[in-house]
Structure formats: C-alpha cells, structure tokens
Amino acid sequence: MRSLRTGLSLVSLLSGLALLVPAPTASAADAPLRDLAAAKGKVMGTAVTGSKLTGTYGDLAGAQFNSLTPGNAMKWGSVEPTRGSYNWAEADQILNFAEAHGQQVRGHTLVWHSQNPSWLTNGTWTAAQLGQLMNDHIALEVGRYKGRLAAWDVVNEPFNEDGTYRQTLWYNGLGTGYIAQALTAARAADPAARLYINDYNVEGVNAKSTALYNLVKSLKEQGVPIDGVGLQAHLIVGQVPATLQQNIQRFADLGVDVAITELDIRMTLPSDSTKLAQQAADYKAVMNACVAVARCAGVTVWGFTDSDSWIPSTFPGQGAATPYDENYAPKPAYYAIAEALGGTTTPPPTGACTAAYSVTSQWDTGFTGQVKISCSGAALSSWKADWTYGAGQRITQAWNATCTQSGAAVSCANAAYNGTVPDGGSVTFGFNASWSGSNPVPAVTLE
Ligand code: 9MR
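Under an unreviewed UniProt entry, the name given to the protein is Beta-xylanase, and the organism recorded is Streptomyces canus. As its UniProt record puts it under Catalytic activity (unreviewed entry), the protein is described as follows: "Endohydrolysis of (1->4)-beta-D-xylosidic linkages in xylans." The record in UniProt for the protein states the following under Sequence similarities (unreviewed entry): "Belongs to the glycosyl hydrolase 10 (cellulase F) family."

1. Overview of the overall build of the protein
Summing up its helical and strand segments, the protein has 15 helices and 18 strands in all. Scaling as 2.2 N^0.38, a compact globule of 447 residues should have a C-alpha radius of gyration of about 22 Å, and the protein matches this with 24 Å. With the C-alpha coordinates aligned to their principal axes, the bounding extent of the protein is approximately 75 × 45 × 40 Å. Residues classed as buried in the protein amount to 53% of the 447 residues present. Restricting to contacts in the protein with at least 6 residues of sequence separation, those with at least 24 account for 76%. A total accessible area of about 17600 Å² is found for the protein, and carbon and sulfur atoms account for 53% of it. Within the protein, the 33 negative side-chain charges are centred at a point lying 3 Å from the centre of the 27 positive side-chain charges.

2. Some thoughts on the UniProt feature "domain: GH10" (unreviewed entry) in the protein
Under the present numbering, the feature "domain: GH10" (unreviewed entry) in UniProt falls on residues 30–340. Secondary structure content for residues 30–340 is 42% helix and 18% strand, while the C-alpha to C-alpha distance between its ends is 14 Å.

3. Quick look at the packing of helix H8 (residues 127–144) against helix H10 (residues 177–189)
The interhelical angle for the contact between H8 and H10, taken along N-to-C directions, is 30°, at an axis separation of 9 Å. You can see that H8 and H10 cross each other, and the crossing is right-handed. Residue-level contacts link Gly131, Met134, Asn135, Ile138, Ala139, Val142 and Gly143 of H8 to Tyr178, Gln181, Ala182, Ala185, Ala186 and Ala189 of H10.

4. Topic: the nonpolar core
By size, the foremost hydrophobic cluster in this structure holds 95 residues, and its most contacted members are Met44, Trp152 and Leu263. Looking at this core element by element, the count peaks at seven residues for H10. Among residues more than four places away in sequence, those in contact with Leu263 are Gln232, Ala233, Leu235, Tyr283, Val286, Val299, Thr300, Val301 and Trp302. Membership of the second largest hydrophobic core comes to 23 residues, among which are Ile395, Cys403, Cys412 and Val421.

5. Regarding the sheet that holds strand E14 (residues 394–399)
Judged by pairing direction, the sheet is antiparallel, and its four strands sit side by side in the order E11-E12-E17-E14 without closing on themselves. Strands at the two margins of the open sheet, each flanked by one partner only, are strand E11 (352–362) and E14. The mean angle between the axes of side-by-side strands here comes to 25°, regardless of whether they run parallel or antiparallel. Bridging between E14 and strand E17 (residues 426–434) involves five bridges; their strand directions are antiparallel. Opposite Ala398, over in E17, you have Phe431 as the bridge partner.

6. Examining the pattern of salt bridges
What the rule picks out here adds up to 13 salt bridges. One salt bridge in this structure joins Asp199 and Lys208, with 3.5 Å as the shortest N-O distance. Each of the salt bridges in this network shares a partner with another, and the network as a whole consists of Arg187, Arg194, Asp227, Asp257 and Arg295.

7. Points about the state of the cysteines
Summed over the entire model, instances satisfying the criterion amount to three disulfides. Between Cys353 and Cys375 runs a disulfide, and the two sulfur atoms are separated by 2.1 Å. One quick way to see it: the torsion about the S-S bond of Cys353 and Cys375 is about 110°, and its sign makes the bridge right-handed. On the criterion of sequence distance, the pair formed by Cys353 in strand E11 and Cys375 in strand E12 (residues 366–376) is long-range, its members being 22 residues apart. Neither residue differs from the other here; Cys353 and Cys375 are each classed as buried. Bridging Cys403 to Cys412, the disulfide has an S-S length of 2.1 Å.

8. Concerning the site of the ligand
In the region of the ligand, the neighbouring residues are Asn72, Lys75, His108, Trp112, Gln115, Asn156, Glu157, Gln232, His234, Glu262, Trp302 and Trp310. Side-chain polar atom of Glu262 to a nitrogen atom of the ligand: 2.7 Å apart, as the coordinates give it. At a separation of 2.8 Å, an oxygen atom of the ligand approaches a polar side-chain atom of Trp302. When isolated, the ligand has an accessible area of 450 Å², and the protein chains bury 72% of it. By residue class, the composition of the shell around the ligand is three nonpolar, six polar and three charged.

9. Quick look at the UniProt feature "active site" (unreviewed entry) in the protein
Feature annotation in UniProt places "active site" (unreviewed entry) on Glu262, given in this structure's numbering. In contact with Glu262, other than residues within four places in its own chain, are His108, Asn198, Leu231, Gln232, Ala233, His234, Thr300 and Trp302. Here the side chain of Glu262 touches Asn198 through a polar contact of 3.1 Å, side chain to side chain.

Conventions used here
- Residues numbered from 1 in each chain as written.
- Predicted model: local features only at pLDDT ≥ 70, side-chain atom pairs only at ≥ 80, totals over all residues.
- Heavy atoms only, no water.
- UniProt positions renumbered as here; feature names shortened; annotations may be inferred.
- Helix = DSSP H or I, 4+ residues; strand = E, 2+ residues; numbered from the N terminus.
- Rg over C-alpha atoms; globule rule 2.2 N^0.38 Å.
- Buried < 20%, exposed > 50% of the residue type's maximum accessible area, 1.4 Å probe, protein only.
- Contact = heavy atoms within 4.5 Å.
- Areas by Shrake-Rupley, 256 points an atom, 1.4 Å probe, with all protein chains shown as cover.
- Lys, Arg positive; Asp, Glu negative; His and termini not counted.
- Charge placed at Lys NZ, Arg CZ, Asp CG, Glu CD.
- Axes fitted to C-alpha atoms, helices over the stretch in contact; angles between N-to-C directions.
- Left-handed = near helix turned anticlockwise from the far one by under 90°.
- Core = buried A, V, L, I, M, F, W, Y, C linked by side-chain atoms within 4.5 Å.
- Pairing = 2+ DSSP bridges.
- Salt bridge = Lys/Arg side-chain N within 4 Å of Asp/Glu carboxyl O.
- Disulfide = S-S within 2.5 Å.
- Near = heavy atom within 4 Å.
- Polar contact = N/O pair within 3.5 Å; in protein donor to acceptor, adjacent residues only side chain to side chain.
- Nonpolar A, V, L, I, M, F, W, Y, C, P; charged D, E, K, R; others polar.

Take a look at the structure:
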C-alpha cells in the first residue's frame, strides 16, 4: 500500500480517500447510526443549518442520520421576516437534501414565543386578528410542505418551570385555547404529518412535565388532534433524569408518540476523557430509554458536531455537547449512541487524536494549507503527520512543523515546542505549497 500510494496515477483514488479525512472514524467498518436506528424501528435525527450541508458536514448529515430538523429555517421569523414577504430558501434546501438522502424531516416550529418576526411581536392585535394570523401562518407553511414532512412541532415551549402556562403573545391574546386551535389548523393543512407539542425540562417526571401530561390528556379527551410529545433534552453531563424512561412511558400510555427532539449534553470546557466518558454514558442512557419504549419514535440531536451547536454562545464556558467534535471526529458519545442502537464499535471508544487538513487560501500557482491535530480522550507527546499528494503538489515552506517531501510523500514532524497535544487540546501547523491542474485534499495519517 505504501509503495502504491506514491504513484501519481492514483489521483482519483486519493481524492476519494480525501473524503474520509475529516471523519477519520475508527468506526469506518461499523454501520451508520441511521441504519442501526432503522433496524430498531427508530429515527436518529439531527438539527441542521442549510448553508452548511456540503463537504464533510453534508456527508455526515446524509450518511449518519435518517431524519433532519431545520434548526432555524422554518421558524416564523425566518420564513416571513416582513409581513407578506416570504423566504423559503433554506427550508426548501433542507427538505430537498433530505429527500435526496431518503431522510424524514421534522418541521420546527409553528407557534412559539421566540424567533418571531418583529412585525408580529410589535403589532397590536385583537384576539380575532391574532387567531387569524396564527391560522393563516399554519395553513401557509404546513400547506406548502404538505405530504413531505413526517412531523411538526406545532406548539413549542408552552409551559413555565412550575407547570403554569407561559405568558406569551399567544397565551395572552388567545388563552389556553391557542394550543387546540393551532393543532386543529395544522391537521387541516397536512393530515399526514404527526403533530407534536415540544418543550424543554420535561424529560423527567416533574411539575412541568406533569402539566404537559395533563394538557395532552385533556386534548386527547376533547378529540383535539395531538399525535406526539417532544422532549427537547438539552441536558447537562451527569444529570440525565432518572425518571426519563418512566416519563416517556406515561406519555406513551396516553396514546401519543414521544420523540427526543433536541438532544445535547453540555459540559464545562475544556472537555477531558473523564467528562467525555460520562457524556457517553449519558447519551447511552437517553438512547436506551427511547429504545425501551415502543412509542418512542426516536432521537434527534441538536446539531451533530460541536462546531454547529448553540451551547457555547448561550452558556459561555460550556460546550462539547454533541456526538462529534469540532473536526468531525466521532466522540465517545457517538459510539455510545451506536451501541445503544445495537451496533458494535471498533475499536472500543477510548478516544483518539485526529488530523484535519485544510486549504486556507489558494492562488493561481500556490496555496497555503494547515493541519490541525486534535485529541479527545487521548493525548500525544510527539507527532508526525503524513500524507501523499495526488496531483503533484509540492511543499515550499512550513511553520510550526518540520516538513520533508519525497516524491509525492510528505512527512511533517512536530517542532521542539509543540509536540505535546493534551486531551481536549489541539496543535496547528501551516505550510505553503505549489499546485497546478487540481489541488485535491489528501488523507492525513498520524504516527
Ligand atoms: O438552535 C437554535 C439557535 O440557532 C438559535 O439561536 C436559538 C434561539 O433561541 O434557537 C435554537 O434552537 C432552539 C429550538 O428552536 C427550541 N428549543 C431550544 C433551542 C435552543 O435555544
């Protein structure tokens, strides 16, 4: 293999290998999460950002998940920023991507107190006008995607922590009846979509989840169309509620589906192997609870990579909440999800150091590149990063590493001052090189 890889005739093979670079998964031989979930009759989903659905992000979103939720693209403020003027581009894009990849889509979300357009929140409306605005919004958005969405989060976050109703535009204007009205309008607009009420801090049995339980029970008794309950599950490492499965079961016993809709499990940064191991156990506990209850439809993570998570900006000093690190390397949490879904992982999730190669700028004859070496659940005291260029590229200069090139084979060793990469840390080195024709990204091996 080594002698083969120096051959310049292997351009296409090498550019194929390059696709694997940012996800140097030890799990390459294992089944993707979406296949494991499907074999159990479950959904394994992720929230996504439409503009990122290319490259490694797109590859992983398509390969590992069988359901997508637009993180922001379907919210009222996104689709109708100005009254009567619509922007469906990102929502359409995500839906098209999902259909091309055989994935379900969860619509998120129709009636919420947040991320509404200012024309709506700043307006003064009579109850009749507000009810009409809500009905029209639901008819338009749900109708637009009729038959294409598996589920809708129709009402989002209706409760306070103590189980009283949250004082929102909708509650204040329409009373508790807004919830039944929204569900009824959604059913009329798309009879095939499963209709959910979605909230956070309702994962365990507590005052808030009991209020939600009582609401769903009463809606069912009144014949209001309600098909499911979404437990968002924005959790903290080491704090998965002990009553999660019991809580899922009690909703299921009411005759509705349950979905874990926005799972992430945050920690205080920096991450280390102990926190990542606890996080893996926590992810497994959540997955196990869903797998154990037939009416639990599945689990969606709120972003699958730490580079696309809302946590660091909302909770300063916290993060690392998703199953993949910022360089798209799967974390112990990823393997824990796979195991809970009946998969095997090779090797066992002991952590790893990975190298991510990227071109940071390119001009007609040359380019600047960098390699970022990151460790998670492992550490290095020295390193060497090797790759083979597939299209005649030649290194001309390097910094923060000593690079040599022989034929197409490049080998870069650490400088005297940056051999140590701690658990949870990273080191980056850079280089200039020449290219012509094409500049495919090579696969980097760490030794
Ligand atoms: O992930 C969303 C983030 O990009 C937004 O900035 C944020 C604004 O509130 O909303 C995030 O998603 C929320 C979801 O729609 C509802 N549950 C809580 C999520 C995190 O805030």
